[in-house]
Amino acid sequence: MDGTVTDVGVQPVTLARRQFDSLVIGAGGGGLRAALQLATADANVAVVSKVFPTRSHTVAAQGGINAALANVLPDNWHWHMYDTIKGSDYLGDQDAIEYMCRSASHLVYELEHAGVPFSRLDDGKIYQRPFGGQSQNFGGEQAARTCAAADRTGHAMLHTLYQQNIHAKTHFFDEYFAIDLIKDDEGFVLGALVLEIETGKPLLIEAKTTLIATGGAGQLFRTNTNARINTGDGMGMALRAGIPLQDMEFFQFHPTGVAGRGMLLTEGARGEGGYLINKDGERFMERYAPHAKDLASRDVVSRAISTEVREGRGCGPDGEYVLLKLDHLGRDVLQKRLPGISDTIRTFLHIDPAEEPVPVFPTAHYTMGGIPTNRHGQVVVPIDQGEEVIPGLYAAGECACVSVHGANRLGGNSLLDIVVFGRAAGNDIIEYLSNNRYHRRLDEASVDKAVDHLQRWDLQGEGESVANLRNELQLTMEKYCGVFRTEVVLAEGIEKVLELQQRMADVRLQDHSRIFNTARIEAMELENLFDIAVATVVSAHARQESRGAHSRIDYPERDDVHWLKHSLYYKRDRRLDYKPVTLKPISVESFPPKERVY
Amino acid sequence: MRFRIYRYQPEVDNKPRMQEYVLEEIQPGMMLRDALLKLREQDETLVFRHSCGEGVCGSDAMNINGQNGLACLTPLSNLKEPVEVRPLPGIPVVRDLVVDMSQFFYHYRAVKPYLKVHDPEPEVEFLQSPQQREKLDGLYECILCGCCTTACPSFWWNPDKFRGPAALLQAYRFLADSRDQATTERLEDLEGPYRMFRCHTIMNCVNVCPKGLNPTAAINNIKKLMVKDMI
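Analysis parameters
The residue count restarts for each chain, going from 1 along the sequence in the order it is written. Chain letters and ligand numbers both follow the written order, the letters beginning at A and the numbers at 1. Per-residue local features are limited, in this predicted model, to residues with pLDDT of at least 70; the limit for side-chain atom pairs, both in listing and counting, is 80 or more; totals at the level of whole chains, interfaces and linings are taken over all residues. Side-chain descriptors were evaluated using all non-hydrogen atoms of the structure, hydrogens and water having been removed beforehand. A helix here means a DSSP run of H or I that spans at least four residues, while a strand means a run of E at least two residues long, and both kinds are numbered starting from the N terminus. The cut-offs for exposure are 20% and 50% of the maximum accessible area for each residue type, with area from a 1.4 Å probe on protein chains only; residues under the lower value are buried, those over the upper are exposed, and the others partly exposed. Areas reported here follow the Shrake-Rupley algorithm with a probe of radius 1.4 Å; residue values treat only the protein chains shown as occluding. Counted charges follow a simple rule, with Lys and Arg positive, Asp and Glu negative, and His plus the chain ends left uncounted. A charge is said to be at NZ when it belongs to Lys, at CZ for Arg, at CG for Asp and at CD for Glu. Contacts were defined at the residue level, with two residues in contact if any of their heavy atoms lie within 4.5 Å. Throughout, the accessible surface (probe 1.4 Å) given up by two parts as they are put together, summed over both, is called the buried area. In what follows, salt bridge is the name for a side-chain nitrogen of Lys or Arg lying within 4 Å of a carboxyl oxygen of Asp or Glu. Identification of polar contacts relies on pairs of N or O atoms within 3.5 Å, with a donor-acceptor requirement for protein atoms, meaning one able to donate a hydrogen and the other able to accept it, and with residues adjacent in sequence counted only if both atoms are side-chain atoms. When residues are grouped by polarity, Ala, Val, Leu, Ile, Met, Phe, Trp, Tyr, Cys and Pro land in nonpolar, Asp, Glu, Lys and Arg in charged, and all others, Gly among them, in polar. Each pair of strands is called paired provided DSSP finds at least two bridges between the two strands. Under this scheme, a helix contributes an axis fitted over its contacting stretch, all axes are lines through C-alpha atoms, and angles between N-to-C directions fall in the 0 to 180 degree range. Oblique is the label for any angle not under 35 degrees, not over 145, and not in the 65 to 115 range, which are roughly parallel, roughly antiparallel and roughly perpendicular in turn. What makes a crossing left-handed is the near helix being turned counterclockwise from the far one by less than a right angle; a clockwise turn instead makes it right-handed. Bear in mind that the domain bounds are from an automatic or database domain assignment. You can read pLDDT as the predictor saying how much it trusts each residue, on a scale of 0 to 100. Expected span of a helix, by definition, is 1.5 Å for each gap between consecutive residues, and there is one gap fewer than residues. Between rings of Phe, Tyr and Trp, where Trp is taken as its six-membered ring, a pair exists when centres lie within 6.5 Å; planes separated by under 30 degrees are stacked, by over 60 edge-to-face, and by other angles tilted. For a lysine, the NZ atom is tested; for an arginine, the CZ atom; a charge sits over a ring if that atom is within 6 Å of the ring centre and within 35 degrees of the ring normal.

Novice: Break down the overall build of chain B for me, citing the residues and quoting the values.
Specialist: A count of helical and extended segments in chain B gives 8 helices and 7 strands. With the C-alpha coordinates of chain B rotated into their principal frame, the extents come out at 60 × 35 × 30 Å. Going through the 231 residues of chain B one by one, you find that 55% of them count as buried. Carbon together with sulfur atoms contributes 49% to the accessible area of chain B, which is approximately 10,000 Å² in total. Of note, chain B has its 28 positive side-chain charges centred 5 Å away from the centre of its 30 negative side-chain charges.

Novice: Before we move on, can you summarise the interface of chain B and chain A with the specific residues and values?
Specialist: Taken residue by residue, the interface counts 57 residues in chain B and 57 residues in chain A. Of the roughly 4,700 Å² buried between chain B and chain A, counting both surfaces, carbon and sulfur atoms make up 53%. When the area that chain B buries against chain A is broken down by residue, the three leading residues are E44(B), E125(B) and Y140(B), summing to 14%. Scanning the region where chain B abuts chain A turns up 6 salt bridges. Counting across the chain B and chain A interface gives 34 residue pairs in polar contact (both at pLDDT 80 or more). Of all the secondary structure elements, the ones that give two or more residues to the side of chain B that touches chain A are α1 (32-42), β6 (93-95), α2 (102-110), α3 (130-134) and α5 (164-175) of chain B. Here the side of chain B that touches chain A gets 5 residues from one element, more than from any other, and that element is α1(B). Across the side of chain B that touches chain A, the residue classes tally to 29 nonpolar, 11 polar and 17 charged.

Novice: For the sheet that holds strand β22 (residues 575-580) of chain A, give the residues involved together with the corresponding values.
Specialist: Residue and element names in this part refer to chain A. The sheet built from 3 strands is open, its strands ordered β10-β21-β22 with antiparallel pairing. Two strands bound the open sheet, and with one partner strand each, they are β10 (245-246) and β22. With 2 bridges connecting them, β10 and strand β21 (residues 565-570) associate as antiparallel partners. Bridge pairing in β21 links Q246 to L568. Against the sheet, helix α15 (residues 518-542) makes contact with β10, β21 and β22, and its axis sits at roughly 140 degrees relative to β21, the strand it touches most.

Novice: Let's hear about the sheet that holds strand β5 (residues 83-86) of chain B: which residues, and what values?
Specialist: All names here are of chain B. As summarised here, the arrangement of the 5 strands in space is β2-β1-β5-β3-β4, forming an open sheet in which the pairing is mixed. Each edge of the sheet is formed by a strand with only one pairing partner; in this case those strands are β2 (17-22) and β4 (67-70). Across this sheet, the average inter-strand angle for adjacent strands is 35 degrees, counted without regard to direction. Where strand β3 (residues 61-64) meets β4, 4 bridges bridge the pair, whose relative direction is antiparallel. Within the sheet, the bridge partner assigned to M62 lies in β4 and is G69. Set on the sheet, α1 makes contact with β1 (2-7), β2, β3 and β5; between it and β1 the angle comes to about 75 degrees.

Novice: Hey, could you go over the side chain of D180(B) for me, with residue numbers and the actual values?
Specialist: Residue and element names in this part refer to chain B. Secondary-structure assignment places D180 in the loop between α5 and α6 (183-189). In this structure the side chain of D180 is engaged in a polar contact, spanning 2.8 Å, whose partner is the backbone nitrogen of K116. Beyond its immediate sequence surroundings of up to four residues, D180 is in contact with Y114, L115, K116, F174 and R186.

Novice: Could you give an account of the environment of D229(B), naming the residues involved and the relevant values?
Specialist: Residue and element names in this part refer to chain B. Relative to the elements of secondary structure, D229 occurs in helix α8 (residues 215-230). Look at D229 and you get partly exposed, because its relative accessible area is 39%. Taking the C-alpha atoms as reference points, D229 and L187, 42 residues apart in sequence, are found 8.4 Å from one another. In this view, D229 contacts T184 and L187; residues no more than four positions away in its chain are not counted.

Novice: Outline the packing of helix α1 (residues 29-40) of chain A against helix α4 (residues 153-167) of chain A, supporting the account with residue identities and numerical values.
Specialist: Residues and elements named next belong to chain A. Taken N-terminus to C-terminus, the directions of α1 and α4 make an angle of 30 degrees; their axes are 9 Å apart at the nearest point. Relative to α4, α1 is oriented roughly parallel. The chirality of how α1 crosses α4 is left-handed. Between α1 and α4, the residues in contact are G29, L32, R33, A35 and L36 and L158, L161, Y162, Q164 and N165, respectively. Of the residues contributing to the contact of α1 with α4, the split by class is 6 nonpolar, 3 polar and 1 charged.

Novice: Please provide a residue-by-residue account of unusual backbone geometry, values included.
Specialist: A cis amide bond links V402(A) with the next residue in sequence, S403(A), at an omega value of 5 degrees. Here S403(A) is to be found in the loop between β18 (400-401) and α11 (414-435). Residues E81(B) and P82(B) are joined by a peptide bond in cis, for which omega reads -10 degrees. Among the secondary structure elements, P82(B) is positioned in the loop between β4 and β5.

Novice: How would you explain the domain arrangement of chain A if you had to name every residue and give the values?
Specialist: All names here are of chain A. Here chain A is described as being made up of domain 1 (252-362) and domain 2 (458-574). When each unit is reduced to the centre of its C-alpha atoms, the spacing between domain 1 and domain 2 is 29 Å. With 8 residues of domain 1 in contact, the opposing surface of domain 2 contributes 9 residues. Carbon and sulfur atoms supply 69% of the area that domain 1 and domain 2 bury against each other, a total of about 630 Å² over both sides. Looking only at domain 1, the three residues that lose the most surface to domain 2 are F253, R303 and R310, adding up to 65% of its buried area. Seen at the junction of domain 1 and domain 2, the total is 0 salt bridges. In this assembly, domain 1 and domain 2 are joined by 2 residue pairs in polar contact (both at pLDDT 80 or more). Elements with a minimum of two residues in the side of domain 1 that touches domain 2: β11 (251-258) and α8 (298-310). The dominant element in the side of domain 1 that touches domain 2, judged by the number of residues it contributes, is α8, at 5 residues.

Novice: For the confidence of the model for chain A, give the residues involved together with the corresponding values.
Specialist: The predicted model of chain A averages 96 in pLDDT, with 98% of residues at 70 or higher. Scored below 50 in pLDDT, residues 1-12 of chain A makes 24 contacts in the model with residues more than four places away or belonging to other chains.

Novice: Pulling in residues and values, what's your account of the side chain of R543(A)?
Specialist: Residue and element names in this part refer to chain A. Assignment of secondary structure puts R543 in the loop between α15 and β20 (551-552). For R543, a relative accessible area of 0% translates into the label buried. Not counting the four nearest positions on each side in its chain, R543 is found in contact with L91, D247, E249, F250, H550, R552, W563, K565, H566 and S567.

Novice: Describe helix α13 (residues 466-480) of chain A, listing the residues and the values that go with them.
Specialist: Over its 15 residues, α13(A) runs 21 Å from end to end, which matches the ideal 21 Å to within 8%, given 1.5 Å per residue. Here α13(A) has its buried residues at V466(A), A467(A), L469(A), R470(A), L473(A), Q474(A), T476(A), M477(A) and Y480(A). Buried positions along α13(A) lie against α14 (487-502) and α15 of chain A together with α1 of chain B.

Novice: Give me the lowdown on the packing of aromatic side chains, citing residues and values where you can.
Specialist: For the structure shown, the criterion picks out 15 aromatic pairs over all chains. Ring geometry for F52(A) against F105(B): centres 3.7 Å apart, planes inclined by 15 degrees, an arrangement best described as stacked. Of the two residues, F52(A) is situated in the loop between β2 (45-49) and β3 (65-66) and F105(B) in helix α2; the pairing between them involves two chains. Judged by its relative accessible area of 6%, F52(A) falls in the buried class. In textbook terms, an aromatic cluster arises when at least three aromatic residues are bridged by ring pairs, as seen for F52(A), Y162(A), F172(A), F104(B) and F105(B). Taking the ring centre of Y570(A) as reference, the NZ or CZ of R575(A) above it sits at 4.1 Å.

Following this line, the structure appears as structure tokens:
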């Protein structure tokens, strides 16, 4: 790299340091649920978040959280488990899925006790609505398993969890950006280097345990439902620390994003009785999923919409979208059950959903892959024939891959995932802390490396811009790694992404101030996105089958003989490794893979 | 389209200044946030907070042609040129359009915005009728953007003592919750000449709330509860 480095006062000698028992990076639902567990157990916990906690992307979750409460229709956790495994196209780990579905009711009651303003049924119980991929009795009639606070469930949960953390006096570092993990020679993770955005000063947070809860990477794609902050920072940090990312080829496209814009319109819209039509007014999902129709799994519905549009049955002047029909639901249901998306439709499309159908198209939504963990939230990597735990490191939520979502996540399972595994990680951390009472010696070489990473952005001069490269990356990912994929297109995609990544070396910032310099933050976010983009296309190129959200035109069938396994991508040499899917649950019989029809 | 944007970089500027910008390409349906992002591509030193782009995270509150609002929900087509964009009024500016919200969150925390229940918890959910739950509509949706509180003259005069409309809306959100058992305590906490009674029903808060909420009504309801509690 050429150019000059100016003194930014981040010499290790002057680096400010703080010590905590436990560090949580990210203040969405996963981070806050874990922090709550830790704070109420009297652990000294620091939560670092690059935005004020209630700005985290959990706030945007709409439809609800799954739990077999059976408030509306008969239900039990075992059916939920079956649906989740089938939804995952059998790539989900059945021990983790059993754990999640068994815990669900308890965790939802706990949230309700904490104050979440769930919508209610006439008998006073929590309101539940049908969602995609849900069934009674292992594939029978539609279930109603999604507990909802109108269509603002994520908002309601995130605010409640933040409020409970205020009550528990959790220590928050609001608007601090995490740069890199600190790791010693023996592989222990000892905290992280973070940057206080307001002052531009780095801070070293030493901690006996570090939980990554930084969410997904929807900003990989141009049209997405995600907030601007969803740049997968924790996944980037993990990759740089030598930890692989698991199952990155599985990226969920939500069937109903606002066409051309990307804003999410909840699956709850179809759960409440909305349905999709093509330009002939045909309810086309009946052809693709005769039984579940519009409430088939998201991968199925997204492919169906893309197929309708590709085959010339799209709506609009250019035939680029299909329509989501809601007007027959009536103003009252829209106002009571779907007020948030009704607002969004009015604001961004200038149409009234009670009068007109809404243009929708599949939109990048959710990162099924992530940092490999077990069901205790511990980060695990393969060693010899088994796995080993990275001591002191945890991950939970969308940035993690437990894996409960496998190749395709069911709607309503992400809000569940974050509270279940946020809490599980919190509990395991408490145990770890009781066995590891003292801070280990800090590894200064690792600190220096993180500081160098930050200082790279002080290079001055003319060069490429972050905004330009980010736009190109997003377009490239959309074009070469979208809903339908082939060998040729993916191979080209790898080349394009790597070419773009190389140009990162030529990026120079024009803003070298310290106080609230968001250009520097965006540059480091883009670094993370690039590492994750490469992981995604490389993993997608290698997987020669179609499973869940990963649809290969050249390999249209699922191939359990060769591909019933998790991918692991390492940054070093862009190496791929694989590990078996856990087909054995904790206490019940395994659900062996079978044909997946809805 | 022409913009005049408040700039203040404490490392460079002695005092704030207004900077003119021009954006040539305006697409239909563009929001102010989209325009600011385009301007940032011209000038990356122009700083503002933003994230979700659909009015749910509450990051990009600012003063737009004299009125507080969210940039992501403000269509350019409704704005008079030059569009004058300033930080939220009445609280310290960190840089450009970024304000220091500590005072705002101090008052939020001060109303103890969490459910307080003294009875033992059931093994299932607390029962709450749809009618009881409906009382929380218009309250729980607050996104803590700060538009209301920073538009309130009473807050400008007594930012350290007056809780402000956002925090008072939260106070009522818990008072109105059939599950909460701390009514008396919450009401006592709001007594005195400042914390709530500085509200002079100017109703700026109602006019600017991007979520269409009504803090003034919430404050009135708290007053009614106080009277009821006294009797």
